[in-house]
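# Coordinate inspection notes
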Amino acid sequence: MGVGAQAATRRRGAELERAILRAAVAELAESGYAGLTMDRVARRAGTNKNAIYRRWPHRAALGVAAYRQLVTEQTPTPDTGDLRGDALELLRGVNCDLATPRAEVLRSLLASANDEPELLAQLHEQVADGGTGPWLTILDRAAARGEVATGAVHPRVATVALVLLRNEYLTRGLTTVPDNVLVEIVDEVYLPLVRRTG
């Protein structure tokens, strides 16, 4: 293949980034974070390590970016017509998610975080928001319907239900939370909070 043909098939920009992130997701799913290397991701993506390092300065940044890509692709934002229904669907989706490959990837990242300060920093910066986007979206819709004041559309307020769910996992050692607990989180904490905020 001549130089011209190679140039014609060379990926750039967003297309190359997607290929790298897909390769990183596949590596994380197969080998966990401990087995994630820039070399293996580069081979799988059909690119070179420099292309990866230009976008992500270390494997921690790449691992977290790959996880976020996975979450974005696989987490549809519910639209049930009311805030309670949307919040319950989001929480139930997270709760069921613990048995999926995505959850395995997250557990792998979390298991390595204490031994790698860069990874811990990346997780705090990029993942600890709990996927704020869908929660802000459902609050935006609720505000447009008049269910909550626009002041409730705030990242810290939006993810309170998710933070409480995570607390159940951490403090009780659960892998899934009973549905009645999800209902309690939404009905007794989340909805009263967002309705009073703003």
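Residues numbered from 1 in each chain as written. Predicted model: local features only at pLDDT ≥ 70, side-chain atom pairs only at ≥ 80, totals over all residues. Heavy atoms only, no water.

## What about the overall build of the protein chain?
Rules: Helix and strand definitions here come from DSSP, where helices need a minimum of 4 consecutive H or I residues and strands a minimum of 2 consecutive E residues; each element is numbered from the N-terminal end. Note on exposure labels: buried denotes an accessible area under 20% of the residue type's maximum, exposed denotes more than 50%, and partly exposed covers the range between, all computed with a 1.4 Å probe on protein chains only. When checking whether two residues touch, look at their non-hydrogen atoms; a contact exists if any pair is within 4.5 Å. For every accessible area listed, the method is Shrake-Rupley and the probe measures 1.4 Å; residues are considered covered only by the protein chains on display.
For the protein chain, the count of helices and strands is twelve helices and zero strands. Starting at the N terminus and walking to the C terminus, you meet the elements of the protein chain as α-α-α-α-α-α-α-α-α-α-α-α. Here the protein chain holds 198 residues, and 40% of them are scored as buried. Relative to all contacts within the protein chain whose residues are 6 or more apart in sequence, the contacts with residues 24 or more apart total 69%. Of the accessible surface of the protein chain, which amounts to about 10700 Å², a share of 51% is contributed by carbon and sulfur atoms.

## Here we look at helix α2 (residues 13-31)
Selection criterion: Multiplying 1.5 Å by the helix residue count minus one yields the expected span of that helix.
Taking 1.5 Å of rise per residue, 19 residues should cover 27 Å, and α2 covers 27 Å from first to last C-alpha, within 8% of that figure. Listed as buried for α2 are Leu16, Ala19, Ile20, Leu21, Ala23, Ala24, Val25, Glu27 and Leu28. Following α2 by one or two positions, Gly32 adopts a phi angle in the positive range, close to 70°.

## Observations concerning the pattern of salt bridges
Counted only if it meets this: Should a side-chain nitrogen of Lys or Arg be within 4 Å of a carboxyl oxygen of Asp or Glu, the pair is scored as a salt bridge.
Taken as a whole, this structure holds ten salt bridges when the rule is applied. Between Glu17 and Arg55 there is a salt bridge, and its shortest N-O distance comes to 3.5 Å. Of this pair, Glu17 sits in helix α2 while Arg55 is found in helix α4 (residues 49-55), placing the two residues 38 residues apart along the sequence. Looking at Glu17, the relative accessible area reads 33%, which means it is partly exposed. Among the ionic pairs, Glu27 bridges to Arg40, the shortest N-O distance being 3.0 Å. Here the residue Glu27 occupies a position in helix α2, and Arg40 occupies one in helix α3 (residues 38-45), the gap between them amounting to 13 residues. Classification of Glu27 as buried rests on a relative accessible area of 4%. One continuous salt-bridge network, built from bridges that share partners, spans Glu27, Glu30, Arg40 and Arg44.

## Let's talk about the packing of aromatic side chains
Aromatic ring pairs are defined here through the distance separating the ring centres and the angle between the ring planes. Cut-off, in case you're wondering: Pairing of aromatic rings covers Phe, Tyr and Trp, the last counted by its six-membered ring, and requires centre-to-centre distances within 6.5 Å; plane angles under 30 degrees mean stacked, over 60 mean edge-to-face, and any other angle means tilted. Here, a charge over a ring is recorded when the distance from Lys NZ or Arg CZ to the ring centre is within 6 Å and its angle to the ring normal is within 35 degrees.
Under the defined criterion, the tally for this structure stands at one aromatic pair. With 5.7 Å between their ring centres and 75° between their planes, Trp135 and Tyr190 make a pair best called edge-to-face. Residue Trp135 is found in helix α9 (residues 132-145), and its partner Tyr190 is found in helix α12 (residues 179-196); the two are separated by 55 residues along the sequence. Neither Trp135 nor Tyr190 differs from the other in exposure class; each is buried. The ring of Tyr33 carries the charged tip of Arg59 above its face, separated from the ring centre by 4.0 Å.

## A word on the environment of Arg195
Among the secondary structure elements, Arg195 is positioned in helix α12. Owing to a relative accessible area of 49%, Arg195 belongs among the partly exposed residues under this scheme. Between the C-alpha atoms of Arg195 and Ala152, which are 43 residues apart in sequence, the distance is 7.4 Å. What Arg195 contacts, discounting residues up to four positions off in sequence, is Glu147 and Val148.

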